[in-house]
Structure formats: C-alpha cells, structure tokens
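Examining the three-dimensional arrangement
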Amino acid sequence: MNDERSTTNAPLPFPSGWFRIAYSDELLPGQVRALHYFDRDFVLFRTATSKLHLFDAHCPHLGAHLGYGGKVNDETIQCPFHGWRFNGEGQCVEIPYACKVLPKVQIQSWQVREVNGTILMYYHPDRKPPDWEIPLLPEYTCKDWIPFKRRRWQVRTNPQEIAENGVDTAHSPFLHRQTFVSLKSQSIEIDGAILVHQLLPIYNLSFAAGLLGKENLGSLEISYYGLGCQVSRACIETVIELDFLAIFMLTPIEEKLLEIDLIFSMRKIFSKTLTKLFAPKILMQKIGRDLEQDISIWENKIYCDRPTLCESEGAIMKYRRWSQQFY
Ligand code: FES
Ligand SMILES: [Fe+2]
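What counts and how
- Residues numbered from 1 in each chain as written.
- Chains lettered and ligands numbered in written order.
- Predicted model: local features only at pLDDT ≥ 70, side-chain atom pairs only at ≥ 80, totals over all residues.
- Helix = DSSP H or I, 4+ residues; strand = E, 2+ residues; numbered from the N terminus.
- Contact = placed C-beta atoms within 7 Å.
- Pairing = 2+ DSSP bridges.
- Domains from an automatic or database assignment.
- Nonpolar A, V, L, I, M, F, W, Y, C, P; charged D, E, K, R; others polar.
- Buried ≥ 20, exposed ≤ 12 C-beta atoms within 10 Å, placed from the backbone.
- pLDDT = per-residue confidence, 0-100.
- Axes fitted to C-alpha atoms, helices over the stretch in contact; angles between N-to-C directions.

1. Observations regarding the overall build of the protein chain
The secondary structure content of the protein chain amounts to six helices and 18 strands. Based on the C-alpha atoms only, the size of the protein chain along its principal axes is roughly 75 × 55 × 30 Å. Contacts in the protein chain between residues far apart in sequence, at least 24 positions, make up 53% of those at least 6 positions apart.

2. Looking at the pairing of strand β13 (residues 180-191)
As paired strands, β13 and strand β14 (residues 194-204) are joined by 10 bridges and run antiparallel to one another. Residue pairing across strands places serine 187 opposite glutamine 198, the latter belonging to β14. With antiparallel pairing between neighbouring strands as the criterion, β13 and β14 make up a hairpin whose turn holds two residues, including glycine 192 at a positive phi of roughly 60°.

3. A word on the domain arrangement of the protein chain
In terms of domain boundaries, the protein chain breaks down into domain 1 (17-123) and domain 2 (138-326). When each unit is reduced to the centre of its C-alpha atoms, the spacing between domain 1 and domain 2 is 34 Å. At the level of elements, β1 (17-23) and β2 (32-37) are the ones that each hand at least two residues to the side of domain 1 that touches domain 2. Split by residue class, the side of domain 1 that touches domain 2 holds five nonpolar, five polar and two charged.

4. Notes on the environment of leucine 220
Within the secondary structure, leucine 220 sits in strand β15 (residues 215-225). Classification of leucine 220 by C-beta neighbours within 10 Å gives buried; the count is 22. Placed 46 residues apart in sequence, leucine 220 and methionine 266 show a C-alpha to C-alpha distance of 14 Å. Ignoring any residue separated from it by four or fewer positions in sequence, one finds leucine 220 in contact with Leu199, Pro201, Ser232 and Ala234.

5. Structural notes on the pairing of strand β10 (residues 112-115)
One ladder, built from four bridges, connects β10 with strand β11 (residues 118-123); its direction is antiparallel. Residue pairing across strands places valine 112 opposite methionine 121, the latter belonging to β11. Turn length for the β10-β11 hairpin, with the two strands adjacent in sequence and antiparallel, is two residues, and the turn residue asparagine 116 shows positive phi of about 60°.

6. Details of the confidence of the model for the protein chain
Scored by pLDDT, the protein chain has a mean of 90; 92% of the residues are at 70 or more. This stretch, residues 1-5, has a pLDDT under 50; its non-local contacts, to residues over four places away or in other chains, come to five contacts.

7. Observations regarding the sheet that holds β10
Taken in spatial order, the three strands of this open sheet run β1-β11-β10, and their pairing is antiparallel. What marks the edges here is a single partner per strand, and that holds for β1 and β10. Put simply, the sheet's adjacent strands are angled 35° from each other on average, direction ignored. Where β1 lies against β11, six bridges are found, and the strand directions are antiparallel. By the bridge assignment for β11, phenylalanine 19 is matched with methionine 121.

Structure, rendered in structure tokens:
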C-alpha cells in the first residue's frame, strides 16, 4: 500500500472468504433469488431436492438474468428468455428448440454453504475454492438458547474497518461508554483464517441498575471467521448469569457499501418474562445502538495504513497482519 492510500479514502479490494448472502428460510425448494454482492449479479436457487446453487446471473445464450423469471425445473434452472436449462454445475443440458445441446456452454458457479440458518458464498476474485469452513455454532441448535433474531444495516464502508472495531478496545469505553466502563485485550489466538480475541470487559449496566448493579465484570470472546463473520460471546456475571451471542455478518455489496447483519441470541434465564425483557432490550437498544454509534465514524473515516498507535493497542496490528491473507 502506498502513501496515497494512507491519506485518501481509496477503496480496499474485496476480501476473499465466506460471506452471508441469504437466510435459509428465505429460499424454499423451487425458489429463485436475484442477488447483488461484490459488485456482481448472481442467481441463487434451491432445487426440488433442496440443493442450493449460486451462479453468475446472466445466461450465456443472450444474457437474460436468471434471477428475474428463471424457474427451477427438478434439479435445473430454466432461463426465462428462450428456455435453456442448466444443471447444478451450471452446464447447459437442454435447448428446447434444438436437438443437440452445445457441450461447452456453462454458467460459472460459486461455492455455497448452509450453516446456522444462513446461506453463505465463498468469494475469491480468482474463484479459488475454499480451504476453510464456517463452523456450526452450538447455540443454534441448543434448546437453552432463544431462537436467533436478526437486524440489518447498510453502511458505506468495508469489512476490514468493521472487523477492526472488535480489536480496537480503546474506542469502546469512549464511544460506547453506555456499554463499557473499560475493555482490555487479553489474548489473540490465530489459526489460519480464524482469529479468537479474548477480552476483559467491565460492563456498564446502568440500564438495569438496581436489578444487576451498576458496573459488572464479565467476559467477552470475539471469534473472527475471515472478514465476513464475527461471533461475539459475552457473559455478564451478576445475581443472574447472562450469556449472549452476537454474530455480525458482513457482506460487501459494492466497493464502499456493506451489508451488516446482526444475529442475536441469549441463553434462556429461569424466568420467561425476564428472558423476554432482556432479549429485545439488549438487542434493540444496546448492541444496535453501539453499532449505530460507529456508523458515522466508519462512513467518514479514512483507512490509515500506518496508524499512530499507543502501546496498549497492539491487537490492532496483530489483526491487520492476520487480515492480509484475505487480499
Ligand atoms: S438468454 Fe437465456 S435462453 Fe436465451
Ligand atoms: Fe464500536
């Protein structure tokens, strides 16, 4: 990166990795969706036997978008323009008005996975295959946890900046002072595309003072699965133990436009009423508000390639060195 990058808002390239593109319940067998991510058009469809496929959107015949009017026909998708059919590998298997198919006609397909109620694609600019996976989270299937809840934002930034927020501990007690009294980085463990950051937070619980006490020691672990998926597990130890799960899924739409999905759950507490009270309170007001406090910073900041950091901010450079593998 050159000097110009450190003083301008030049866009960062799209990182490679797994990125959320839909939720499982948004696509039933036989359904087709048009998608636009990474500045590209895609078509996502689920066949009669529930297999998922993601293709480049445009038909190699005369360019129709398969996501607008394309139909699933058994295990194939049929173009809405002249009816050519393509199998799960993207190969043309039927041209309705010709006796022979053209053997080399193929639409490019992308790797997809379905895990934790989400549908993810593997993006690589050179279409290299994935060499790591997003794991199944135990909280997704565990009956002790409430069903996952979701919220979405569109922000003019990129995944690099948002993921950096979790290792930038110094900003939390300042910008998010209603949530954190203090936040310290304890350790960072790296295993290929996965980075696990252990933190020592003191939470500000003034929102529930009286019930929980004003400040509280707890734990916070943020696991990064590439730059598209961040899983935060937080525990507040008080009269009752509160365990939360907040998954941030970051998918670039264009160079400077990012979709941020927050998926939230918490371990059920003994009282149903208390569980109901805390879930929307924490989700809607605290996590959402913290993220919204960052938005105007993200949308207006520049990417400082060589930042001026204090001694206690070493986690930022560790994170940056790890993130280089995705470019
Ligand atoms: S454009 Fe798709 S079949 Fe003609
Ligand atoms: Fe933040």
